[in-house]
Amino acid sequence: MRIVICEDSVLLREGLVRLLEDAGHEVVAALGDTTGLDDAVTTLDPDLVILDVRLPPTRTDEGIRAAVALRVARPALPLLVLSQYVEERYATELISGAGGGLGYLLKDRVADVTEFVVTLSEIGAGGTVFDPEVVAQLLGRRARDARMQRLTDREATVLALIAEGKSNQAIAQTLFISEGSVEKHITSVFQKLELEQDDSGNRRVQAALAHIAHSPQSGGLS
């Protein structure tokens, strides 16, 4: 893959460049901040972008805001966000946007180089990989397992398909049921997971995160 890196730590940035090149990827740009990121993406047309959440000048949320902007401008572009922290304000917005592959990993949990390279390939191929700690924080550390146990087998199947990003129509076609039945199942899932309707419209995202957190095959690094 052709990869753009946006990471302010020189040691980590150069380490990522070496790691990725050794794995057979091409790092087409390695930036220390978001200045020039849009131009690099437009000019170089990478297959994946890796961004740190906290970048200069304020080192607060420049990176994840840039990721959200890229998600809007180029939805199909796979993104991997790396951070020492979970930036909840923008993380849900990033996850809720439609698009290509997406990953959000905490730096101190990315210790296995081989697994990290595999994760990059999964994201580049359109997969979704979230660190378990990210999922836990975005769900507010509520009792996920207890709520998941309330679901019927059919509701659990519908939830798994939601987590795969399928529309109601696609779910109906997969399960050979009507869209009306799908809507009833989804409403029941929301109720059993205690996901209240709000102005953000992110109940579907929160439900998908609950499934990811509960699934032993979820794409989080441990």
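As annotated in an unreviewed UniProt entry, the chain carries the name Response regulator transcription factor and is attributed to Microbacterium sediminicola.

A. Quick peek at the confidence of the model for the chain. For the chain, per-residue confidence averages 84 on the pLDDT scale, and residues scoring 70 or more make up 87% of the total. Ignoring residues within four places in sequence, the model shows residues 217-222, a span with pLDDT below 50, making 17 contacts including any to other chains.

B. Seen up close, the pairing of strand 2 (residues 26-31). Taken together, the five bridges between strand 1 (residues 2-6) and strand 2 define a ladder with parallel strand orientation. The residue bridging cysteine 6 from the neighbouring strand is leucine 31, located in strand 2. Following the chain from strand 1 across helix 1 (residues 10-22) to the adjacent parallel strand 2, one finds a crossover that is right-handed.

C. Region of the structure containing the sheet that holds strand 1. A sheet is described by the order of its strands in space; here six strands give the open sequence 2-1-3-4-5-6, paired in parallel fashion. In the strand order of this sheet, the two ends are held by strand 2 and strand 6 (128-130), each with one partner. Each neighbouring strand pair of the sheet contributes to a mean axis angle of 15 degrees, computed without reference to strand direction. Pairing of strand 4 (residues 79-83) with strand 5 (residues 102-106), which is carried by five bridges, proceeds in the parallel orientation. The residue bridging valine 81 from the neighbouring strand is tyrosine 104, located in strand 5.

D. Highlighting the pattern of salt bridges. Inspection of the entire model under this criterion finds eight salt bridges. The shortest N-O distance in the salt bridge between glutamate 194 and arginine 150 comes to 2.8 Å. Here arginine 150 lies in the loop between helix 7 (144-148) and helix 8 (153-163) and glutamate 194 lies in the loop between helix 10 (179-192) and helix 11 (203-214), a separation of 44 residues in the sequence. Judged by its relative accessible area of 38%, glutamate 194 falls in the partly exposed class. Linking lysine 192 and glutamate 155 is a salt bridge whose minimum nitrogen-to-oxygen distance equals 2.9 Å. Remark: glutamate 155 occurs in helix 8 and lysine 192 occurs in helix 10; sequence separation between them is 37 residues.

E. Just the nonpolar core, in detail. Formed by 34 residues in total, the largest nonpolar core has its most connected members in Leu37, Val49, Leu51, Leu79, Leu94, Tyr104 and Phe130. For this core, the element with the most residues is helix 3 (residues 62-73), which contributes five residues. Formed by 18 residues, the second largest nonpolar core is a distinct cluster that contains Val158, Leu159, Ala172 and Leu195.

F. Main features of the environment of glycine 103. For glycine 103, the position within the fold is in strand 5. Separated by 17 residues in the primary sequence, glycine 103 and leucine 120 place their C-alpha atoms 8.4 Å from one another. The residues touching glycine 103, leaving out its near neighbours within four places in the chain, are Leu79, Leu80, Val81, Ile123 and Val129.

G. Structural detail: unusual backbone geometry. Here the amide bond leading from proline 56 into proline 57 is cis, since omega sits at 10 degrees, within 30 degrees of zero. With respect to the element layout, proline 57 can be found in the loop between strand 3 (48-52) and helix 3. The residue aspartate 45 is not glycine, and still its phi comes out positive at about 50 degrees. Examined against the element boundaries, aspartate 45 turns out to sit in the loop between helix 2 (37-44) and strand 3.

H. Region of the structure containing the pairing of strand 4. In terms of burial, strand 4 is largely enclosed, as five of its five residues are buried. A two-sided burial pattern is seen for strand 4, the buried positions comprising Leu79, Val81 and Ser83 on one face and Leu80 and Leu82 on the other. Across four bridges, the pairing between strand 3 and strand 4 is parallel. Bridge pairing in strand 4 places aspartate 52 opposite leucine 82. Taking the sense of rotation as the criterion, the β-α-β connection linking strand 3, helix 3 and strand 4 turns out right-handed.

I. Structural context of the packing of helix 3 against helix 4 (residues 88-96). Between helix 3 and helix 4, whose axes approach to 9 Å, the crossing angle comes to 20 degrees. Judged by the angle between their axes, helix 3 and helix 4 are roughly parallel. In terms of crossing hand, the pair formed by helix 3 and helix 4 is left-handed. On helix 4, the residues touching Ile64, Arg65, Ala67, Val68 and Arg71 of helix 3 are Tyr90, Ala91, Glu93 and Leu94. Among the residues making up the contact of helix 3 with helix 4, the classes are represented as six nonpolar, no polar and three charged.

Rules used in this analysis
- Residues numbered from 1 in each chain as written.
- Predicted model: local features only at pLDDT ≥ 70, side-chain atom pairs only at ≥ 80, totals over all residues.
- Heavy atoms only, no water.
- pLDDT = per-residue confidence, 0-100.
- Contact = heavy atoms within 4.5 Å.
- Pairing = 2+ DSSP bridges.
- Helix = DSSP H or I, 4+ residues; strand = E, 2+ residues; numbered from the N terminus.
- Right-handed = clockwise from strand over helix to strand, strands pointing away.
- Axes fitted to C-alpha atoms, helices over the stretch in contact; angles between N-to-C directions.
- Salt bridge = Lys/Arg side-chain N within 4 Å of Asp/Glu carboxyl O.
- Buried < 20%, exposed > 50% of the residue type's maximum accessible area, 1.4 Å probe, protein only.
- Core = buried A, V, L, I, M, F, W, Y, C linked by side-chain atoms within 4.5 Å.
- Parallel < 35°, antiparallel > 145°, perpendicular 65-115°, else oblique.
- Left-handed = near helix turned anticlockwise from the far one by under 90°.
- Nonpolar A, V, L, I, M, F, W, Y, C, P; charged D, E, K, R; others polar.

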